[in-house]
Amino acid sequence: MNRTRSRALQQRAERYFPGGVNSPVRAFRAVGGAPPFIDHAEGAYLFDADGNRYIDYFGSWGPMILGHAFPPVVEAIARAARNSASFGASTAAEADLAERIVTCYPAIEKMRFVSSGTEATMSAIRLARAATGRKIIVKFEGCYHGHSDGLLVKAGSGVATFGIPGSAGVPEEIAHLTLALPYNDLAALEAAFDAHPGAIAAIILEPIVGNAGCIPPHTGPVAMSPESDLQIHPETRKAWEDMHGPSDFLEGLRTLTRKHGALLIVDEVMTGFRVALGGACQLYALDPDLVTLGKIVGGGLPVGVFGGKRQLMDLLAPLGPVYQAGTLSGNPLAMAAGLATIGYLQQHAAEVYAQLEAKSRTVAEGVAQEAARAGIALTTNRVGAMWTWFFTGGPVTNYEQAAKSDTAAFGRFHRAMLEQGIWLPPSQFEAAFLSTAHSDADIATTIAAARVAFASAQP
Ligand SMILES: Cc1ncc(COP(=O)(O)O)c(C=O)c1O
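## With respect to the side chain of Asn-331
Topologically, Asn-331 is positioned in the loop between helix 11 (310–313) and helix 12 (332–347). From its side chain, Asn-331 meets the backbone nitrogen of Leu-333 in a polar contact 3.0 Å long. When neighbours within four sequence positions are excluded, Asn-331 is seen to be in contact with Ala-85 and Ser-86.

## Some remarks on the nonpolar core
A general trend in soluble globular proteins is that nonpolar side chains are found buried together. In this structure, Ile-101, Phe-273, Leu-345, Phe-413 and Phe-454 are the most contacted members of the largest nonpolar core, which totals 111 residues. Dropping the residues within four chain positions of it, Ile-101 is found in contact with Ile-108, Met-111, Phe-113, Phe-273, Leu-293, Val-297 and Val-305. Formed by 19 residues, the second largest nonpolar core is a distinct cluster that contains Ile-204, Leu-290, Leu-312 and Leu-316.

## Considerations on the pattern of salt bridges
Applying the stated criterion to the full structure yields 10 salt bridges. Among the salt bridges present, the one from Asp-314 reaches Lys-110, with a minimum N-O distance of 2.8 Å. Of this pair, Asp-314 sits in the loop between helix 11 and helix 12 while Lys-110 sits in strand 4 (residues 110–114), and the two are 204 residues apart along the sequence. Its relative accessible area of 26% is what places Asp-314 among the partly exposed residues. The exposure class assigned to Lys-110 is partly exposed, which follows from its relative accessible area of 31%. Across the pair Arg-373 and Glu-370 runs a salt bridge whose closest N-O atoms are separated by 3.3 Å. A residue pair is termed a helical-turn pair when its members lie 3 or 4 positions apart in one helix, as Arg-373 and Glu-370 do in helix 13 (residues 349–373) at 3 residues.

## Structural notes on the site of the ligand
Lining the immediate surroundings of the ligand are Ser-116, Gly-117, Thr-118, Tyr-144, His-145, Gly-146, Glu-206, Asn-211, Asp-267, Val-269, Met-270 and Lys-295. Thr-118 is positioned with one of its side-chain polar atoms (N or O) 2.6 Å from an oxygen atom of the ligand. Separating a nitrogen atom of the ligand from a backbone N or O atom of Tyr-144 is a distance of 3.4 Å. In isolation the ligand has 380 Å² of accessible area, and contact with the protein removes 82% of it. The class makeup of the residues in the shell around the ligand is 3 nonpolar, 6 polar and 3 charged.

## Observations regarding the layout of surface pockets
Put simply, the second largest pocket is a space of about 500 Å³. In terms of lining, the second largest pocket is formed by 24 residues, of which the most central are Glu-94, Arg-112, Phe-113, Ser-329 and Gly-330. By residue class, the composition of the lining of the second largest pocket is 12 nonpolar, 10 polar and 2 charged.

## Description of the packing of helix 2 (residues 71–82) against helix 12
Between helix 2 and helix 12, whose axes approach to 8 Å, the crossing angle comes to 150°. The orientation of helix 2 relative to helix 12 falls into the category roughly antiparallel. In this structure, helix 2 crosses over helix 12, and the sense of that crossing is right-handed. The residues of helix 12 that touch helix 2, namely those facing Pro-72, Val-73, Ala-76, Ile-77, Ala-80 and Ala-81, are Pro-332, Leu-333, Ala-336, Ala-337, Ala-340 and Thr-341.

## A word on the packing of aromatic side chains
Across all of its chains, the model carries 18 aromatic pairs by this definition. Pairing Tyr-54 with Trp-423 gives two aromatic rings, centres 5.3 Å apart and planes at 80°, and the pair type is edge-to-face. One end of the pair, Tyr-54, is in strand 3 (residues 53–56); the other, Trp-423, is in strand 13 (residues 422–423), with 369 residues separating them in the sequence. Take Tyr-54 and Trp-423: they sit in the same class, and that class is buried. Ring geometry for Tyr-183 against Phe-249: centres 5.0 Å apart, planes inclined by 65°, an arrangement best described as edge-to-face. Taken together, the residues Tyr-183 in the loop between strand 6 (178–181) and helix 7 (186–195) and Phe-249 in helix 9 (residues 248–260) connect sequence positions 66 residues apart. Classification of Tyr-183 as buried rests on a relative accessible area of 2%. Phe-249 sits in the buried class, given a relative accessible area of 2%.

What counts and how
- Residues numbered from 1 in each chain as written.
- Predicted model: local features only at pLDDT ≥ 70, side-chain atom pairs only at ≥ 80, totals over all residues.
- Heavy atoms only, no water.
- Helix = DSSP H or I, 4+ residues; strand = E, 2+ residues; numbered from the N terminus.
- Polar contact = N/O pair within 3.5 Å; in protein donor to acceptor, adjacent residues only side chain to side chain.
- Contact = heavy atoms within 4.5 Å.
- Core = buried A, V, L, I, M, F, W, Y, C linked by side-chain atoms within 4.5 Å.
- Buried < 20%, exposed > 50% of the residue type's maximum accessible area, 1.4 Å probe, protein only.
- Salt bridge = Lys/Arg side-chain N within 4 Å of Asp/Glu carboxyl O.
- Near = heavy atom within 4 Å.
- Areas by Shrake-Rupley, 256 points an atom, 1.4 Å probe, with all protein chains shown as cover.
- Nonpolar A, V, L, I, M, F, W, Y, C, P; charged D, E, K, R; others polar.
- 1 Å grid on protein atoms, 1.4 Å probe; cavity = no way out; pocket = protein on both sides within 12 Å on 5 of 7 lines; lining within 4 Å.
- Points joined across faces, edges and corners; volume = space filled by probe spheres on them.
- Axes fitted to C-alpha atoms, helices over the stretch in contact; angles between N-to-C directions.
- Parallel < 35°, antiparallel > 145°, perpendicular 65-115°, else oblique.
- Left-handed = near helix turned anticlockwise from the far one by under 90°.
- Phe/Tyr/Trp six-rings, centres within 6.5 Å; stacked < 30°, edge-to-face > 60°.

Taken by themselves, the reported measurements are silent on function.
As structure tokens, then:
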């Protein structure tokens with residue numbers, strides 16, 4: 001594939017931006033090769049500056065669930081832009097989008113719009129600390145919640161990609177207030193609560209990890225709390241378990257946080273509206289104290305949301321003492337793109353999510369079968385339209401196991417796929433995404449390309 005123009009554009013970009021990029025993982029350091037520069041995109045396809053076409057499996061890192069330049073979203077943005085790009089004052093569109101969000105996320109009674117996922121999680125944590133009067137935050141290894149100081153400890157995504165434990169420039173005093181525990185390990189969490197009695201303000205997690213590659217929460221029968229364990233009729237118990245979803249890990253988090261007076265912050269920046277309309281909260285019947293959203297909720301424009309119980313949210317200024325603000329928060333273009341996207345998803349939810357599930361299963365399993373045929377050890381983790389092919393025999397249930405992947409083999413696979421016009425996320429520690437625009441033919445092309453890639457990867 002000829003990428004002469006992309007190479008020239010990269011060289012120019014390197015004069016102005018560290019690594020030539022405005023977000024590190026875009027630089028392709030983890031997989032080698034030069035990143036194509038995008039000219040435009042449509043549906044499931046990206047077109048680079050040299051006119052090459054790629055089937056897109058990273059969807060701008062998640063937001064583009066309806067494909068690129070989806071006409072209703074484009075029209076909504078254009079319409080809003082004609083009325084001015086920003087006012088810095090309230091508009092009806094903010095509450096219009098909020099109404100849609102609360103319908104999908106019952107745990108969110110009130111919310112604030114911000115401009116990124118980073119801002120959403122950072123603000124949720126400030127609120128949790130203020131509400132509890134405690135300082136320590138628990139996160140899980142390999143989970144990424146944006147790049148605010150306290151959340152970069154053992155973060156996945158770019159931090160994992162570049163093999164660094166956190167970030168320079170984060171003072172020890174701040175890093176010490178974050179405990180990073182292994183994901184899917186309730187015993188480690190119980191031990192942390194015992195070791196820091198009355199000091200843990202909140203647990204924040206990706207309910208389905210995407211930023212260490214895709215790692216689902218452990219599933220298993222959900223235990224009832226001991227006091228209700230005594231004489232529950234088996235049918236009632238079964239109904240209760242059905243209602244409470246199949247993840248004993250997530251349910252255990254909820255039980256432990258309540259027991260120890262800590263808040264549960266579910267970071268659905270990636271999973272929100274992706275794995276289901278109501279995200280992982282819907283999938284696993286979770287009732288967190290605070291939820292953070294981003295990516296899809298902005299339809300490709302910069303939006304983040306944090307929200308939750310009214311009592312907590314009313315602690316924010318101007319009603320309460322917790323300060324949080326933003327010049328472009330609730331920006332009219334972003335609200336318009338979000339409304340068009342979420343509106344479409346709500347209106348077509350049954351068919352959209354069934355389609356995403358079926359197509360994602362076909363491509364994820366199809367590529368896995370090609371790997372098996374070629375004798376390559378691969379572990380495929382998937383929840384709906386997000387998944388990762390880990391180059392390891394597996395299983396992959398936490399970051400430590402994900403880190404055993406053969407990243408060099410992933411890099412070869414990535415390059416071989418890109419050469420055939422398939423653009424996968426450029427790191428082993430990222431999730432792939434599919435949109436409603438991907439066709440059966442795109443998927444067949446992808447599986448055929450994987451066959452070629454695995455054949456050329458044979459030692
Ligand atoms: C789960 C999660 N939380 C937070 C963030 C940060 O969002 P943003 O990049 O919009 O700041 C990300 C970004 O990838 C994410 O995946």
